[in-house]
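Structural characterization, general
Read off the chains here:
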Amino acid sequence: MPDYTHAPEPLGVPTRRAALRLLDAVLRRGESLESALPAATRAIHGPDRGLAHAIAAETLRRLPDLDAMIDSVTKTNLPDDAKARMALRIALVQVLILGTPSHAAISTVLPLVDGGPRKLVHGVFGTLFRANMLLPEVPTLPAPVELRWEAAWGEEMVDAAGRAIAAPPPLDLTIADPAETEGWREKLGGESFMPGHLRLGDHDSVPDMAGFGDGAWWVQDIAASLPARLLGKAPSEGGGHVLDLCAAPGGKTLQLAAAGWTVTSVDNSQSRIKRLRENLYRTHLKSEVVNADILEWAPTEPADAILIDAPCSATGIFRRHPDVLHRVRPSIIAETAALQARIFARAADWVKPGGTLVYATCSLEPSEGEAQLDAFLAARSDYTIVPVEQAELPAGITPTEAGTVRTLPGMLAEQGGCDGFFIARLKRS
Ligand SMILES: C[S@@+](CC[C@H](N)C(=O)[O-])C[C@H]1O[C@@H](n2cnc3c(N)ncnc32)[C@H](O)[C@@H]1O
């Protein structure tokens, strides 16, 4: 391989700098990839933004294996946050996953270690390239995640999670009118697991797809669509008022409104509320939107039903947001679990007697799901579980013995998997 250590700066370096900034934001500052994106990619445009994001996301999917590869040929391990290690991760992931030619991958990362060990980076990359090193077929999870999930769910789940992180997941759509599912399947292709659901493999950019502009469907993982499905259609007599708590950007609000409920959607994030309003506008669906903190706000009267899609560590959506595997630490899980308990307890007083409460989190941590429910039921004798029936779920996802839903990475694996969710449906006496 030619020596690129003294070559002039090639095109494409700003994109790799942006990828480095994204990785720094996630790994050093604990930011999410999504929130770091605007600042990190300010200097680049169009497809380069997409490439910077892809480089960072793929690096995060494969981080433990990339590091093992680097460590296998260095005499002493490079520090975790050394620029040299970051540059090597970025170069290697491009060659091994994104199909970038090796000369482009190495020449565009060397300027990232300016004033640092360029020769070392070049040497390590060259050694690995000549050895024809490959990444394992099943990616390795970061050790703390592997330990945590193995303790909670066992080895099989860890293996399935590794397989699930190898590539971004397929695209799931929720169809506003479930009766039109077959019609949309004929137009868009794909596979439907239940009325109102469509899963697509290869697809055009979402806004360019038929039906998006008219609001005939929205993007939502099959597991994420289950909490609102468990409330069913609004009762025909007198409609039915549902509070969608923690509602933005509105996937579940749209489902509830489409099912005939009178919806009040509450969320404390202004930017996410803006997206919720855009989604309502596009789909021609209605909800009363409230931008407020649920820990301070209260409804004027109790509701027939409440859906709490509680803020959580979001480890269940690691396939689309691989950053959670690296930045979600036990202290963050404990913090979000404490917030969930407060929201759960407060909202429980807002359900009419005989009304229904659905509690959900997109987390693979029992402390944000099963343990949260146990503590709630121990404190609230006025609530009991309304067991979920198999007929309410797609084949491949079965209710737990307790009558709740726990989706795990191994479920629907042959068809492209699903997000990790915990869902409980309760009735107030
Ligand atoms: C899991 S997300 C909701 C996703 C949404 N239900 C959907 O289907 O599109 C959790 C939401 O909780 C909101 N949130 C967090 N703490 C809150 C609080 N104290 N009061 C109101 N909303 C809160 C966040 O802004 C975030 O939008």
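Residues numbered from 1 in each chain as written. Predicted model: local features only at pLDDT ≥ 70, side-chain atom pairs only at ≥ 80, totals over all residues.

**Looking at the site of the ligand**
Selection rule: What makes a residue near a molecule or strand is its C-beta atom, placed from the backbone, lying within 6 Å of it. Every helix listed is a DSSP run of H or I at least four residues long, and every strand listed is a run of E at least two residues long, numbered separately from the N terminus. Lys, Arg, Asp and Glu make up the charged group, whereas Ala, Val, Leu, Ile, Met, Phe, Trp, Tyr, Cys and Pro make up the nonpolar group; the residues left over, Gly among them, are polar.
With respect to spatial proximity, 18 residues lie near the ligand, and among them Cys 246, Gly 251, Asn 268, Ser 269 and Asp 309 are the closest. When residues of the shell around the ligand are traced back to their parent elements, those giving at least two are helix H11 (251-258) and strand S5 (262-267). In terms of residue class, the shell around the ligand is made up of nine nonpolar, four polar and five charged.

**As for the UniProt feature "active site" (unreviewed entry) in the protein**
What counts, and what does not: UniProt positions are given in the numbering used here, feature names are shortened, and annotations may be inferred rather than shown by experiment. Counting other C-beta atoms within 10 Å of a residue's own tells you its class, since 20 or more makes it buried, 12 or fewer makes it exposed, and anything in between is partly exposed; those C-beta atoms are placed from the backbone. Residue pairs qualify as contacts under a 7 Å threshold applied to their C-beta atoms, which are placed from the backbone.
On the UniProt side, "active site" (unreviewed entry) is annotated at positions that read Cys 362 here. As for its placement among the helices and strands, Cys 362 is situated in the loop between strand S8 (351-361) and helix H15 (370-379). Among the residues examined, Cys 362 registers 28 C-beta atoms within 10 Å and is labelled buried. Setting aside residues up to four positions removed in sequence, Cys 362 forms contacts with Ala 224, Cys 312, Ala 314, Gly 316, Ile 317, Asp 419, Gly 420 and Phe 421.

**What about the sheet that holds strand S1 (residues 171-175)?**
Sheet strands pair by backbone hydrogen bonding; their relative direction is either parallel or antiparallel. As a reminder, the rule being used: Here a strand pair is declared whenever DSSP counts at least two bridges between the two strands. All axes here are fitted lines through C-alpha atoms, helices being fitted over the stretch that makes contact, and every angle between N-to-C directions spans 0 to 180 degrees.
Strand order in the open sheet formed by three strands is S2-S1-S3, and the pairing between neighbours is antiparallel. Of all the strands in the sheet, the pair left with one neighbour each is strand S2 (197-200) and strand S3 (217-219). The average undirected angle you get between the axes of adjacent strands in this sheet is 30°. Looking at chain direction, S1 and S3 are connected through three bridges and run antiparallel. Looking across to S3, one finds that Thr 174 is bridged to Trp 218.

**Quick look at the domain arrangement of the protein**
This is how it is decided: Just so you know, the domain bounds were taken from an automatic or database domain assignment.
In terms of domain boundaries, the protein breaks down into domain 1 (13-130), domain 2 (170-219) and domain 3 (221-428). On a C-alpha basis, the centres of domain 1 and domain 3 stand 36 Å from each other. When residues of the side of domain 1 that touches domain 3 are traced back to their parent elements, those giving at least two are helix H1 (13-27) and helix H3 (47-71). Top element by residues in the side of domain 1 that touches domain 3 is H3. It accounts for four residues. The residue makeup of the side of domain 1 that touches domain 3, split by class, is six nonpolar, two polar and one charged.

**A few points about helix H14 (residues 330-348)**
Put simply, the test is: Each helix should span, by expectation, one fewer than its residue count multiplied by 1.5 Å. The directions from the helix axis to the C-beta atoms form the arc being described.
The first and last C-alpha atoms of H14 sit 27 Å apart over 19 residues, in line with the 27 Å expected at 1.5 Å per residue. Looking only at H14, the buried set comprises Thr 336, Ala 337, Gln 340, Phe 344 and Ala 347. Burial along H14 is one-sided: seen end-on, the buried residues are contained in an arc of 110°. Those residues of H14 that are exposed and angled more than 90 degrees off the buried face are Ser 331, Ala 338 and Arg 342. Among the structural elements, strand S4 (241-245), strand S7 (303-309), S8 and H15 are those in contact with the buried residues of H14.

**Structural notes on the UniProt feature "binding site: S-adenosyl-L-methionine" (unreviewed entry) in the protein**
On the UniProt side, "binding site: S-adenosyl-L-methionine" (unreviewed entry) is annotated at positions that read Cys 246, Ala 247, Ala 248, Pro 249, Gly 250, Gly 251, Lys 252, Asp 267, Asp 293 and Asp 309 here. If you trace the backbone, Ala 248 turns up in the loop between S4 and H11. Using a count of 21 C-beta atoms within 10 Å as the deciding quantity, one classes Gly 251 as buried. Once residues lying within four places of it in the same chain are set aside, the contact partners of Gly 251 are Trp 218, Gln 220 and Ala 224.

**Comments concerning the pairing of S7**
In terms of burial, S7 is largely enclosed, as seven of its seven residues are buried. Of the strand pairs in this sheet, S4 and S7 are connected by four bridges, and their pairing is parallel. Following the sheet pairing, Leu 243 is matched in S7 by Ile 306. Both S7 and S8 contribute to a ladder of six bridges, which runs parallel. Bridge assignment links Ala 303 to a residue of S8, and that residue is Val 351.

**Some thoughts on the packing of helix H7 (residues 143-153) against helix H8 (residues 155-165)**
Short version of the rule: Throughout, the term roughly parallel applies to angles under 35 degrees, roughly antiparallel to angles over 145, roughly perpendicular to angles from 65 to 115, and oblique to all others.
Here H7 crosses H8 at 135°, and the two axes come no closer than 7 Å. As the angle between them shows, H7 and H8 are arranged oblique. Each of Glu 146, Trp 149, Glu 150 and Trp 153 in H7 lies in contact with H8, whose residues at this interface are Glu 155, Met 157, Val 158 and Ala 161. Grouping the constituent residues of the contact of H7 with H8 by class yields five nonpolar, no polar and three charged.

**Observations regarding the nonpolar core**
Rule in force here: In this description, a nonpolar core means buried residues of the types Ala, Val, Leu, Ile, Met, Phe, Trp, Tyr and Cys, linked to one another by C-beta atoms lying within 7 Å.
Counting 116 residues, the largest nonpolar core has Leu 22, Ala 87, Val 242, Leu 245, Ile 306, Leu 307 and Ile 308 as its most contacted members. At ten residues, the largest contribution of residues to this core is made by H3. Excluding its chain neighbours within four sequence positions, the residues that come into contact with Ile 306 are Val 242, Leu 243, Leu 245, Ala 347, Trp 350, Val 351 and Leu 357.

**A look at unusual backbone geometry**
With an omega of 5°, the peptide bond running from Ala 248 to Pro 249 counts as cis. Within the secondary structure, Pro 249 sits in the loop between S4 and H11. Even without being a glycine, Cys 246 presents a positive backbone phi close to 65°. Positive phi outside glycine occurs at His 284, with the angle close to 60°.

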